[in-house]
Structures are given as structure tokens and as C-alpha cells.
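An overview of the molecular structure
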Protein chains: 2
Amino acid sequence: MEMLIKRFRQKDRLALSKLITMVENNSPFMLEIMKAIEPMAGNAYVLGVTGPPGAGKSTLVDKLIRTFRHEGQKVGVLCVDPSSIFSGGAFLGDRVRMEWAYRDDGVYLRSLATRGALGGLAPRTSEIIKILDAFGVDIIIVETVGVGQMESDIIRYSDTKIVVSVPGLGDEMQALKAGILEIADIFVVNKADLQGAQDVADDLQMMLYLRKDSDWTPEIVLTEAQSERGILDLYQAIQRHRDYLSQSGRGELQTKRRREQTCHYAIQEVLKNYMEKSFGEIEEVRNIFEVVREGSLNPYKAADEVLKIIFNSKKTLMEGD
Amino acid sequence: MEMLIKRFRQKDRLALSKLITMVENNSPFMLEIMKAIEPMAGNAYVLGVTGPPGAGKSTLVDKLIRTFRHEGQKVGVLCVDPSSIFSGGAFLGDRVRMEWAYRDDGVYLRSLATRGALGGLAPRTSEIIKILDAFGVDIIIVETVGVGQMESDIIRYSDTKIVVSVPGLGDEMQALKAGILEIADIFVVNKADLQGAQDVADDLQMMLYLRKDSDWTPEIVLTEAQSERGILDLYQAIQRHRDYLSQSGRGELQTKRRREQTCHYAIQEVLKNYMEKSFGEIEEVRNIFEVVREGSLNPYKAADEVLKIIFNSKKTLMEGD
């Protein structure tokens, strides 16, 4: 472990990949890893890019990487695609198209699989963002599909949240708008050469009047990622939002909130591990579970018993007793 | 609280609704409620019905309720629809169509909203199922849409898992099949009068050969819910699966596993409540969080400090220290 962290500190990309894989696979060393790298993190800026399949997100991300690279920034990209199990081919296609990026030392690409066919679990995106951050990447782009719970959790870790749409989505677009209006900082209408692009932009503009919780008015950018038209506009919009976050103090606020969340989350993890270990080790607890399984003890009463045993306390932790 | 539980025991439907609402809204009395009703539960049989929008699930459920009512069974129905915020009209339509059921004392219908526009949180389905169970309902039908993580969690609580499809879904169908093949006990091909219904059934049949983890071979039933054709077949397939669960011992195994899960889950809840309370009450803990927010303390190190304070212990709960 220490060796791995040391190599990570020395900017060894293999060590980076290995740490990400460990965290992705819920390694028992997860907390130890996070604790060790925490002091190195805190400098990267995170962009979240989401939108329905077929909106051209991959091409857009590709062009964004090039732009940031052109500015001398190191870029990390996380692609979280719950549907990727159904589109192995498409992903392979992306890989081939992005081959230049795999050969560029200033780019780190990583695809995060979600577990299980049924939507699956969200991968440990916030931890993996932090690992990339600690590695010394300047910009982290997190690409997700759709507007499910998992995707919105993931995009919440981003400093600038970009929602990509395209003309001709119809109802799906409606749902998309209803769901993400509150969180998007920048709307991209991609494939702007297609008919109806301006309508989509106008539509979004109108819906933005409904949003009043923030002093940042989301920008709407038309792009043709394929031909790079609009990419510079998008890059500048991102810069403006970044400036806004830093000047308004909102960025600092977000950072503080995230630090506290990390702490709460770490507490949960430690407790969870501690409980699981206790369940296995303490015979008295195992016996209680057995009685519960047989149906002879109310599981809610048993919960209290188990907690009393584990924390070696005479008082109940359950309220109302 | 005690009054409410007492009225619940006396089969007061208003008390039932009120308890469900409290649990749905994460009432602080949640654990108390669940502890009190636990001894009354354990008799209901749970059917999970899922499938894409437009598959005719509501009509199918309507006909199933009628069939069970005809057999003298009391039926509870939970409709969990994350997209319902986008289709308020459709839901209202269902209500009107199901009016007979609202007037039938042997039927209890309940729609569970998911929180937040963005997919939202899964409601406390397992607890609400238990409340209906404790109320004395014989059959509980849980209707969900789609194949996301939330829906699959919900359908996991069901004894018999029914997946509804219709001809003409194309790619969506493919995804559906890949995702739910492992969990479905019965496949319904609804709108069987439409062209391609037999193809869908044949397709499913073929995919079933890939499934080998169980000694139950999922049945495939063709229905036209609208005209009630096939409903009796479905009813009988449900009975056969129910018999299989009881004769093979799998049902008992599932019940035991669920009891233990309930206990684990209650432990988590108690701990969570206890921690939150402690966070607020202990000044030393509040101070640590403040230092973490300012960035002067590693959140992972802080987590350990907080746990030491709360559990008044000198040893660390974190492994590897």
C-alpha cells in the first residue's frame, strides 16, 4: 500500500490506475487510500457533462479535452455510462476515436462501469475524482448519460454542470428539461446544424425564466462538436462560470460543504466496516441474527440488542425507548 | 402514536393511510411504527409488476385485482412511478378508471411519489409493504416502471416478479431483457393481439436458455389485459410460482433472509439517527466539523476523532490505524 501511494506521488500512471481500480472495487484499503491522498487534492476543477444518448457528448468531450490541452492543462476524464453494458461496441468505437488522447501524457481517460445489469450501483465517483485531483490533473471531466438518480448524484460533484441536448428529442427533452433545469450551469445545444436547434435554445431560454434560486443565469451555447463550431464559446462560458464561482464566494462555499460531506461520509464508512466486522466476530450477535431469521425475535427489538452488545453500553441508542 | 397504532389494529383505513404517509415522509417515529406493527406482518404475498411505460401495466394490474377479489382475497396496490411527475394526467386517468377499486373495501390503492425531479429517492417501499401486510391484506401488488436501480430494488421485495413487455419495443426491449432476465419469475407479453407478440415470446423463450441459476423456469404468458384474455393464465402461473416457492423451501429461505435484512437495516437507521443527534448536541463534534470545513483538518482523520468522541472510546474504530 505505502509503496503504491509513493509511486502515485511520483506521478506513476500505473499507480493511479491501480488506486482507482481499488477504490472502484471497494477495496478494504479504500479509507486508508483516501486519507493518504487527501492532502494532495483540492486543485482540480470539475466539469460535469450529461445528456441523453446520441446527443454527441463524446465528441464534445473530445473537443473540450483538445481545447484544455491547447491551454497546457492536464485533463482527467471519467466516463460513467450505466448503459455501456448494452453498447460495448460504441464504447470501443469511442476508444479508437480517442486514441490520440491515450497517447497524450497530459490526458487520463477512464471508463467507470456500473455494477449489475439492472442500472447498478453508482461507482465511487467522488472518491475517484479526488484521486485524479490528487494526481495533479487540472481539469476533470465527468461524462454521464441520462437523468437518473445516479447521474444526478454524479453531476452534483461538478463545479460546472453542462447539460447537452440536441434537436428532435421531443418528450425525452421535456423530461430532461424538467429534471435538470435546476442544476445545469450551461446548456449546450449540440448538432446545431440540424433543424430545430434554435427552437431548442429558445425553449430553454424561456424555461430559464422559471429558475430563480441563483444569481447565475445559465448560459446556452450552440455547438457543432463534429466541426468544432461553438467549442470556443463553450470554453469561454465555462471560464465565465468558473470566475463567477470564485468571485461570488459560491465556489468556496461548495468546497466547504464538500469537505464536511466527505467527513460525514467517512464516518458512515468507518461505522459500516466496524459493524460488519463485529457482526462476524461476536458470537452473541450472530446468535441474535439466527433467532431473527427464525422469526422468534422482532428485528427492530433485535437491532437494539445488537447495538448494545457492540457498543458495550447499557443504554439504548434507539429513541423512544 | 399509540392511539394511531390502536386504530390501525382495528382495521381503520384512515390510520393505515396515515401510518404509510408518516413512513413515506421519514417520520422520526418510523422505527417505532415498524417495531409495533412487525408482529402483525408476515402473511401477505407480494407480486412485483414492472415494465416500460405503455406496456399496459395499469390495466393488467386492474384485472389482477379483480381476479384476486373474485377469490375473496384482500388486495393492496402500491404504484411507484418515478416518471409520474411528468404524467400527472395519466395518473389521474388511472384513478378514474380504477374508481371501482376505491369503492371496494377489500382493495387499498396507494401511489408512492418519488422525491425530487431527478429520478429521486426510492420511497420506503419495503416498510410500506410491511404496513399493508400487517393491516391484513392478502396480496400486495407493487407496480413500477422501467429497469433502473430503484425499480430493481423495489421488485426485489416481491415474492413473484412479473415483467411485462409488448410487441414493438425494439432496442428498449433488448435492454429490458438483458436487465431483468435474471430476476423475472413470469414474463407477460401484453397486447398479444398486436403483430409480433409471438416473436417477443419466442425471443424471451430463447433467452431463457441462458438462465441457469435457478430451478424455476420463468413462464411466459400472453395477455390482452384490455379484453381479459390470458388473465386467468397469468393468475395460474402466479399460483404455480407461489407453490414452487413454498414447496422448494425457497420462500422460507427468502423470508429468513428478509428478516435478517430488516434487522441490519434497523441497526443502520438507529445508528444514523443517533449520529445525527450527536452531531447536533456535542459541541466538540461541531467544532471538528468547522475545522474540516475550513480545510485545516483531513476529513478522514476527523471522522475518526468524531467517532471517538461520540462513542466515548479511546480506541479507534478505523482499521489500519
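All of these numbers come straight from a predicted model, not from anything done at the bench. Along each chain, numbering runs from 1 in the same order as the chain's sequence is written. Here every chain gets a letter starting at A, and every ligand a number starting at 1, in the order they are written. With the structure being a predicted model, the display of local features is reserved for residues of pLDDT at least 70 and the display and counting of side-chain atom pairs for 80 or more, all residues being used for whole-chain, interface and lining totals. Only hydrogens and water are set aside when side-chain values are computed; all heavy atoms of the structure are taken into account.

Structural notes on the sheet that holds strand E3 (residues 107-112) of chain A
Residue and element names in this part refer to chain A. Taken in spatial order, the seven strands line up as E3-E2-E4-E1-E5-E6-E7 in an open sheet, and their pairing is parallel. Looking at which strands have only one partner, the edges of the open sheet turn out to be E3 and strand E7 (219-222). The sheet shows a mean angle of 20° between the axes of neighbouring strands, direction not considered. Sheet analysis places strand E1 (residues 45-50) next to strand E4 (residues 139-144), joined by five bridges and oriented parallel. By the bridge assignment for E4, Gly 48 is matched with Val 142. Against the sheet, helix H10 (residues 197-208) makes contact with strand E5 (160-165), strand E6 (186-189) and E7, and its axis sits at roughly 175° relative to E7, the strand it touches most. By this definition, two strands are paired if DSSP reports at least two bridges between them. Labels follow the DSSP assignment, with helices taken as runs of H or I lasting at least four residues and strands as runs of E lasting at least two, numbered in each case from the N terminus. Helix axes are fitted only over the stretch in contact, all axes being lines through C-alpha atoms; the angle between N-to-C directions runs from 0 to 180 degrees. Whether two residues are in contact is decided by their heavy atoms, any of which lying within 4.5 Å being enough.

Focus: the pattern of salt bridges
Between Lys or Arg on one side and Asp or Glu on the other, a salt bridge is scored when a side-chain nitrogen of the former is within 4 Å of a carboxyl oxygen of the latter. Counted by the stated rule, this structure contains 32 salt bridges over all chains. A salt bridge links Arg 110 of chain A to Glu 24 of chain A; its shortest N-O distance comes to 3.1 Å. With Arg 110 of chain A in strand E3 and Glu 24 of chain A in helix H2 (residues 13-24), this pair connects stretches of sequence that are 86 residues apart. In this structure, the salt-bridge partner of Glu 294 of chain A is Lys 256 of chain B, at a minimum N-O distance of 3.3 Å. Taken as a pair, Glu 294 of chain A in the loop between helix H13 (283-293) and helix H14 (299-310) and Lys 256 of chain B in helix H12 (residues 250-281) lie in two separate chains rather than in one. A 1.4 Å probe rolled over the protein chains alone gives each residue an accessible area, and that area as a share of the maximum for its type sets the label: buried under 20%, exposed over 50%, partly exposed in between. By relative accessible area, which is 40% here, Glu 294 of chain A ends up partly exposed. When salt bridges with common partners are traced through the structure, they connect Arg 124, Glu 127, Glu 269 and Lys 272 of chain B into a single cluster.

Quick notes on helix H1 (residues 2-9) of chain A
All names here are of chain A. Those residues of H1 that fall on the buried side of the exposure criterion are Leu 4, Ile 5 and Phe 8. Buried residues of H1, viewed axially, fall in a sector of 95°; they line one side. Turned more than 90 degrees away from the buried face of H1 sit Glu 2 and Met 3, all of them exposed. Those residues of H1 that are buried lie in contact with H2, helix H3 (30-37) and helix H7 (125-135). Of the residues flanking the end of H1, it is Lys 11, one or two places downstream, whose phi is positive at about 65°. When we speak of the arc, we mean the arc of directions from the helix axis to the C-beta atoms.

Concerning the sheet that holds strand E4 (residues 139-145) of chain B
Residues and elements named next belong to chain B. Pairing is parallel across the open sheet formed by seven strands, whose spatial order is E3-E2-E4-E1-E5-E6-E7. A strand with exactly one partner marks an edge of an open sheet, and here the two such strands are strand E3 (107-112) and strand E7 (219-222). Averaged over all neighbouring strand pairs, the angle between strand axes comes to 20°, with direction disregarded. Here strand E1 (residues 45-51) pairs with strand E5 (residues 160-165) via four bridges, running parallel.

Regarding the domain arrangement of chain A
Residues and elements named next belong to chain A. Domain ranges listed in this record stem from an automatic or a database domain assignment. As far as domains go, chain A holds domain 1 (1-40) and domain 2 (42-248). If you look at the interface, domain 1 gives 18 residues, while domain 2 gives 21 residues. Buried surface at the junction of domain 1 and domain 2, summed over both partners, amounts to about 1900 Å²; 59% is from carbon and sulfur atoms. Note on terms: buried area is the combined drop in 1.4 Å-probe accessible area of two parts once they are placed together, counting the loss on both. Contact with domain 2 buries surface across domain 1, with Arg 13, Ile 20 and Glu 24 losing the most and accounting together for 36% of the total. Remark: the boundary between domain 1 and domain 2 carries two salt bridges. The set of elements that each furnish at least two residues to the side of domain 1 that touches domain 2 consists of H2 and H3. Of all the elements, H2 adds the most residues to the side of domain 1 that touches domain 2, at eight residues. For the side of domain 1 that touches domain 2, the residue count by class is nine nonpolar, four polar and five charged. Residue type decides the class: Asp, Glu, Lys and Arg count as charged, Ala, Val, Leu, Ile, Met, Phe, Trp, Tyr, Cys and Pro as nonpolar, and the leftover types, Gly among them, as polar.

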